[in-house]
Amino acid sequence: MTRDKNTRGSVRSRLLLGAALAAVVAPMGPALAQDTIEEIVVTGSRIARPNDTSTSPVYSVGAAEIDAMQQPEIEKIFRMLPVTVPGDGQNTNNGTAGASTVDLRGLGAQRNLVMMDGKRVTPYNFNGLVDVSTIPTALIQRVDIVTGGASAVYGSDAMSGAINFIMKDDFEGVDANYDYSVTGEGDGHIHSADVTVGSNLADGRGNVVLGINYSERKGVQLGARPLGQLGIATASGANYQNFLDGRVPDPAPAGCGGPNSVAAGGSPTTLPTRVTIAGGPALGQFRDDGTLGANCSVFNFNPYNYYQTPLERFGGFASGNYEINEHVEAYGRFSYSSTKNTQQVAPSGIFGTTFFVPLANPFLNASARQTIINTANAGVAAGTVLTAGAFPNWRDVNGNGVVDQADDIRLSISRRTVELGPRSTSYDNSAFQFLTGLRGEILEGWSYDVSVQHGESHRTNLSQGYTNVTNVGNALNAVSTTTCRGGQGGCVPINLFGGFGSITPEMAAYASASAIDKQDYAQTIVTGSVSGPIEGLQSPWANDSVAVSFGAEYRKETGKRTPDECWKLAPASCLGGAGGNLRPISGGFDVQEVFGEVLVPLVAGKEMLESLDLEAAYRYADYDPTGVNKTWKLGLNWTPVDSVRLRGSQQRAARAPNVGELAAPQVAALQNANVDPCSVGNPAARTDATLRARCISTGMTAAQVGNVVDLAAGQINVFAGTDLDRLPTPEVADTSTLGIVLTPDLGAIKNAFISLDYYNIKIKDVIGTFAPQEILDGCYVAGEAAQCAKVIRVGGTLTLPGAGLQAFTTNLNYLKAEGLELGVNFNVDLEDLGVGGDMGTLVFALNANYYLTQESQSSDQTPVLDCVGRFGTSCPGAVGAGGVGSPLPEVRWVQRMNWNIGDVTVGYTWRHLGGVEIEERQKPTTFDRFEKIKAYNYIDIQGSYQLFEQVRLSAGVTNLFEKDPPVVGNEAGATSANSGNTFPSMYDPLGRVFSVGVNVRF
């Protein structure tokens, strides 16, 4: 099977053109050659076919467009596309997993299959997500995104679509790149360099490509931008006027200060310490002099966080193929990447944890001690301070029935431990994957492909600068300044009852902690397939025979997590502010699959029937432990005339539970909610008799209803993990697509195409969890007993350790995305328009997405969550979608124009994001000016100059007009998406960014 290298290059060019004609967007650049070829394989099918059509829309981004963006992070490129919402990435800080993910249409990053040259990429951990930062950008030939389910062809996970990275092969020569970018403020530096070397072997019978890449990204903290210097409250708008006036946050009153202690717009875990008798009356806040008074400050946590997280990455890639004889070609690929990513949040602390504290503690001054004693005795009289019952909060040590200095009182303490320094987590990730296989022709027209691949990911996450909650408890249990009452070795009594500096270095050393979490994942796949035409089986009205492809695949995936003892400590680890504890995970699954596909040319060369093709696919997959999945596809392509093509498909896709969904132990974690309906944050809790009764039914006393503290910073404790008695079953998706592609002859407008596609993706039995606010509303608004049973209160609150909501992994009702995709591409030679001389060519591209529906429903009893044109703590999609809560504009487009003249190319990119408004259920608790975000338009410019035959220079400016991001405060959306008072992954938070690059090729 001798294959001429020039022909193979033409195949790739033809593929790119075909993808463009079938796509919503085509790569920018000169018009592509339209060579006549015999057969090609397109993403979304395993069958080689005599044309480049596909019944499913294929969204394609080419190497030229990737180069023009000068982005070493492929995740950042994906994020700009209208078909995506931001996943994890460089602008995700609090809530990042130290990886880069892609989320198609807000349906969740776990619901799109990521491949390299049609082969799966190994996930980075047990949640089944692929870290796309491990894919070397410089070696990407193009990226194809198939709309809708592709499970019948590629298997599980391809629910919202499949992303196929087509890598460069058959490359000869040396290609070296260096790119650098910096913000207009002189920070946020990103350096990236790569070298690719390729050579043909044995007179063109083989080829080897080697590549290495390195990149470094500097972090940008929120405090480096005016918007990030202060915390703005979503509910009240506190500090918003300060931001508009260019003022820093209003300082806390004298005597109630410390670093970043402010009057409003921050966390109640602050400095000095706030205290409450756990389950009883509030005490207030300490002052710098050790006295107790009313709450007087909050903590501005903003400046410490990152708008852009720092990262360092090194990677290598090798691929090769060699034609052994006319029937056998050996091929292989190896990739390796090593990344280190760091996130940083505000200093650690004690976040409402409860401790029995002796009232004889030497760091309590006489005034504060007496205030606590008086308040506690009032609580005894009111029945909220108790020595027995479900939640005792007083130890009557001397048995006199009165709270006095001899006793212990249970205090809920909120104190920011600034003395311990910054709080951060570094993610050290390494991953490799190798693939080897044989392919060739069995008979004329019939080919085979057999391959084996194995990949592994290894991650070590180191969390530092945290408070050791266990040791703090030991250190508070003291009646002297030198020894702890529990007798723990090395214990140093701690002073949490004064201002900044009350924690000495010796106290900090004992009260601090670091913790390690190790994660490992492995994937092995063996695949074999055969494809070709069935000669003699042909429609009487067609020119080509029926073509088929069939094969089998075995896949095994295993994952594990190994946290250290600190992380495993229940209920919230030993780390103050970690959000919960971790427990070991060890599990996996394997699957045996058979699949087949058929392409039936029905009619060709007839009037109004230039071609009519039917395609079908089927896959049978037997999973251990979840059972059988059956997926299928039916598609039709009709070309009435050469310039018009109609296409449509109906598919059944499936996604089996991943390792994390099957084997995650039940642990505590933090998620987002708006308000505790039974707390002081909801005035109706004091007057609405029905609500009060529902609050009492979930473990509150009448005195606690309407008086306990509300949620802090829009976060709530949840108990998450796998319910081993009710393992989730596979998801099932029904996907419909219908589209038209026009390639008219418009004279001077050349290579014109217009594509318009409708898609409808509905996923049933969605694997996920109920959103916390759904549980709260279901219980306290709708009165659903099943939701009330998930509410666990401690001392009447949802904020104390051990309190929270049960949100175990389960199957939810449905998740749906429906919309229209538009693509327009053409180029114009200016000379054809009458412009004198050779003035070059204009190349135009537009791609747009319009959502008709993006909604979800967790159960028949919960309301439908409509996320089109919305943002909030639940949108887009349900928590089960795996999204991070970024806005979902109804309309979004990217339009590009390049002018190519001689050795010079200049162009612009127009990014449009439609206006959005906050979820309806959040409007009552949202400041009026934060309820809507107007439409945003960004203009980027880029250009290149071919200095010599071997050297090309490039430059660009992103966010040319330095448009500021919208302001919504810090509690409008999910924590991972809503940071620095905006949505930094959706809108540009850093202002104008300049980039330059050089490419050397010989």
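Per an unreviewed UniProt entry, the recorded name for the chain is TonB-dependent receptor, and the organism is Niveispirillum lacus. Taken from UniProt, the Sequence similarities (unreviewed entry) comment for the chain reads in full: "Belongs to the TonB-dependent receptor family."

Caption draft 1: Broad picture of the overall build of the chain. Of the regular secondary structure elements, the chain holds 13 helices and 48 strands. For a compact globule of 1002 residues, the expected C-alpha radius of gyration is about 30 Å, and the chain comes in at 31 Å, within 12% of that figure. In the chain, which comprises 1002 residues, the proportion classed as buried is 59%. As displayed, the chain offers around 36,000 Å² of accessible surface, 56% of which is attributable to carbon and sulfur atoms. Charged side chains in the chain number 72 positive and 98 negative. The centres of these two groups are separated by 6 Å.

Caption draft 2: Here's a closer look at helix α12 (residues 772–780). α12 sits mainly inside the fold: 8 of its 9 residues count as buried. Restricting attention to buried positions, one finds in α12 the residues Pro 772, Gln 773, Glu 774, Ile 775, Leu 776, Gly 778, Cys 779 and Tyr 780. Looking at the buried side of α12, the elements it contacts are β32 (667–672), α11 (689–697), β33 (715–720), α13 (785–788), β36 (791–792) and β37 (804–806).

Caption draft 3: Representation of the pairing of strand β25 (residues 512–534). Bridge count for strand β24 (residues 446–468) against β25 is 19 bridges, and the pairing is antiparallel. Paired with His 458 across the strands is Asp 520, a residue of β25. With 18 bridges connecting them, β25 and strand β26 (residues 546–563) associate as antiparallel partners. Paired with Pro 533 across the bridge in β26 is Ala 547.

Caption draft 4: Focus on the environment of Phe 171. Checked against the element boundaries, Phe 171 lands in the loop between β7 (161–167) and β8 (173–183). According to the relative accessible area criterion, Phe 171 is buried, its value standing at 14%. Expressed as a C-alpha distance, the spacing of Phe 171 and Gly 198, which sit 27 residues apart in the sequence, is 4.9 Å. Discounting chain neighbours no more than four positions away, the residues touching Phe 171 are Thr 196, Val 197, Gly 198, Ser 199, Asn 207, Val 208 and Val 209.

Caption draft 5: Representation of the pattern of salt bridges within the structure. Per the counting criterion, the structure on display carries 36 salt bridges. Residues Arg 395 and Asp 408 are paired through a salt bridge, measuring 3.6 Å at the closest nitrogen-oxygen approach. Of this pair, Arg 395 sits in strand β21 (residues 394–395) while Asp 408 sits in strand β22 (residues 408–416); the two residues are 13 residues apart in sequence, bridging distant segments of the chain. Looking at Arg 395, the relative accessible area reads 41%, which means it is partly exposed. Between Arg 793 and Asp 676 there is a salt bridge, and its shortest N-O distance comes to 2.8 Å. A residue pair is termed long-range when its members are at least 10 positions apart, and Arg 793 in the loop between β36 and β37 and Asp 676 in the loop between β32 and α11 qualify at 117 residues. Asp 676 sits in the buried class, given a relative accessible area of 1%.

Caption draft 6: Just the side chain of Asn 91, in detail. The topology assignment puts Asn 91 in the loop between β2 (84–86) and β3 (102–104). Residue contacts for Asn 91: discarding those within four places in its chain leaves Lys 76, Arg 79, Tyr 307, Gln 308, Pro 984, Ser 985 and Pro 989.

Caption draft 7: Molecular detail of the pairing of β33. Judged from the 6 bridges that link them, β32 and β33 form a sheet pairing that is antiparallel. Bridging across to β33, Leu 670 finds its partner in Asn 717. Where β33 and β37 come together, 2 bridges link them in parallel fashion. Paired with Val 718 across the bridge in β37 is Leu 805.

Caption draft 8: Region of interest: the nonpolar core. Of all hydrophobic cores here, the largest spans 39 residues; its most connected members are Cys 695, Ile 716, Ile 763, Leu 776, Tyr 780, Leu 798 and Leu 805. Elements with a minimum of two residues in this core: α11, β33, β35 (749–768), α12 and β38 (810–829). Once residues lying within four places of it in the same chain are set aside, the contact partners of Tyr 780 are Pro 677, Cys 678, Leu 691, Arg 694, Cys 695, Thr 698, Val 791 and Arg 793. Core analysis: the second largest hydrophobic core is formed by 36 residues, Ile 372, Ala 376, Leu 411 and Ala 475 among them.

Reading the values: rules and limits
Residues numbered from 1 in each chain as written. Predicted model: local features only at pLDDT ≥ 70, side-chain atom pairs only at ≥ 80, totals over all residues. Heavy atoms only, no water. UniProt positions renumbered as here; feature names shortened; annotations may be inferred. Helix = DSSP H or I, 4+ residues; strand = E, 2+ residues; numbered from the N terminus. Rg over C-alpha atoms; globule rule 2.2 N^0.38 Å. Buried < 20%, exposed > 50% of the residue type's maximum accessible area, 1.4 Å probe, protein only. Areas by Shrake-Rupley, 256 points an atom, 1.4 Å probe, with all protein chains shown as cover. Lys, Arg positive; Asp, Glu negative; His and termini not counted. Charge placed at Lys NZ, Arg CZ, Asp CG, Glu CD. Contact = heavy atoms within 4.5 Å. Pairing = 2+ DSSP bridges. Salt bridge = Lys/Arg side-chain N within 4 Å of Asp/Glu carboxyl O. Core = buried A, V, L, I, M, F, W, Y, C linked by side-chain atoms within 4.5 Å.

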